[in-house]
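# Structural characterization, general
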Amino acid sequence: MPAPFRSRVKTTAAAAMGLLTAAGLMTGCTETEPESPETSADALSVTVVRTLPHDRTSFTQGLEISDGVLYESTGRNGTSYVRVSDLDTGDILRQVDLSSSYFGEGITVTDSTAWQITWQDGVAFARDPQTLAERARVDYDGEGWGLCEAPTDGSSRLIMSDGSSTLTFRDPATFDATGEVSVTRDGNPLSNLNELECAEDGSVYANVWKTFDIARIDPQTGAVTAMIDARPLWDAMTDEERAGADVLNGIAQIPGTDRFLVTGKLWPTMYEVEFT
């Protein structure tokens, strides 16, 4: 703002213009460009392509397709396992149970390792992706919820959720933490991030615990670029099918397509869907 004039002091027109010009220059020097607001997330839903059988005793925590078969990890002490099954029939091809002391969580498959994490045990299991035999165990801090592998400039990294609004980046060989990003929706933290899927377009899809929402996330910025309402999948089940079913959880992209498999904990059905 221009400095106030003293009373009874006369100024010439030129002097007044000089003061106004100076004030304008000062204002121009001190103004800053407003920050660009985060783009609002798109609102999407699901279109069902087909339905597939799902073991309704499976407390699903992780879901991923690799080499044409479906990997699934489940939770709860005493019923946690990692399983490989046929995509179309649901027939079990291989399965390894966890000790009852562990509560299983997410899973992802890299070129050489199937990583399976645990909830509050702070242990990640490195498994042979073909046999599911345990190769090693790695300790980590905090809780484990979801896990996926994302390509990065000729390499890759693991992305892990812990139920908060933070995604942690990890080395796919050692499981060491290498960084993190905070996830926000319209500028506000989005917590309860659960099962994850690293999609081929670079996005990360996350089930939001205790909701029918799936968030599409830009892992570089943490911004949610779309919220997908999967409630129609729950509504598509009969009362009998919904009886005993738990929350939506489990998402896996079908490689080479824009379609995904989606299911829930103790759901009798798995849905092949498009996000529209």
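Look up: the structure comes first, before these words.
Described in the following lines is the structure provided in the data block. (Residues numbered from 1 in each chain as written. Predicted model: local features only at pLDDT ≥ 70, side-chain atom pairs only at ≥ 80, totals over all residues. Heavy atoms only, no water.)

## Section: the sheet that holds strand β12 (residues 166-170)
With antiparallel pairing, the four strands of this open sheet are ordered in space as β10-β11-β12-β13. In this open sheet, the two strands that pair with only one neighbour each are β10 (147-152) and β13 (177-182). Direction aside, neighbouring strands of the sheet carry axes that sit 30° apart on average. Relative to strand β11 (residues 155-161), β10 runs antiparallel, the two sharing six bridges. Bridging across to β11, P151 finds its partner in S156. (Pairing = 2+ DSSP bridges. Helix = DSSP H or I, 4+ residues; strand = E, 2+ residues; numbered from the N terminus. Axes fitted to C-alpha atoms, helices over the stretch in contact; angles between N-to-C directions.)

## Description of the side chain of S80
By the element assignment, S80 lies in the loop between β3 (69-74) and β4 (81-86). Here T74 takes part through its backbone oxygen, which lies 3.4 Å from a polar atom of the side chain of S80. Of note is the side chain of S80, whose polar atom sits 2.7 Å from the backbone oxygen of R76. Not counting residues within four places of it along the chain, the set of residues in contact with S80 comprises T74, G75, D97, L98, Y102, F103 and G104. (Polar contact = N/O pair within 3.5 Å; in protein donor to acceptor, adjacent residues only side chain to side chain. Contact = heavy atoms within 4.5 Å.)

## Quick notes on the pattern of salt bridges
Tallied over the full model, the rule gives nine salt bridges. Measuring nitrogen to oxygen at the nearest pair gives 2.6 Å for the salt bridge that ties E134 to R137. R231 is paired through a salt bridge with D235; the nearest N and O atoms lie 3.1 Å apart. With a gap of four residues between them, R231 and D235 both fall in helix α2 (residues 231-236), about one helical turn apart. Overall, D235 belongs to the partly exposed group, its relative accessible area being 46%. The structure contains a network of salt bridges with shared partners spanning R50, D88, R259 and E272. (Salt bridge = Lys/Arg side-chain N within 4 Å of Asp/Glu carboxyl O. Buried < 20%, exposed > 50% of the residue type's maximum accessible area, 1.4 Å probe, protein only.)

## A look at the sheet that holds β4
A sheet is described by the order of its strands in space; here four strands give the open sequence β2-β3-β4-β5, paired in antiparallel fashion. Where the open sheet ends on each side, the last strands, each with one partner, are β2 (60-66) and β5 (92-97). Strand-to-strand twist across the sheet, computed as the mean angle between neighbouring axes with direction ignored, equals 15°. Relative to β5, β4 runs antiparallel, the two sharing five bridges. Bridging from a neighbouring strand, Y81 pairs with D97 of β5.

## Focus on the state of the cysteines
Considering all chains together, one arrives at one disulfide under this definition. A disulfide bridge connects C148 with C198, and the sulfur atoms are separated by 2.0 Å. The sign of the 55° torsion about the S-S bond sets the C148-C198 disulfide as right-handed. One end of the pair, C148, is in strand β10; the other, C198, is in strand β16 (residues 193-198), and 50 residues separate them in sequence. Note on C198: relative accessible area 12%, which makes it buried. (Disulfide = S-S within 2.5 Å.)

## Thoughts on the environment of A215
Positionally, A215 belongs in strand β18 (residues 213-217). Considered as a pair, A215 and M227 are 12 residues apart in the sequence and their alpha carbons are 4.7 Å apart. In this structure, A215 is in contact with L190, V204, Y205, A206, V208, V224, A226 and M227, ignoring residues within four places of it in sequence.

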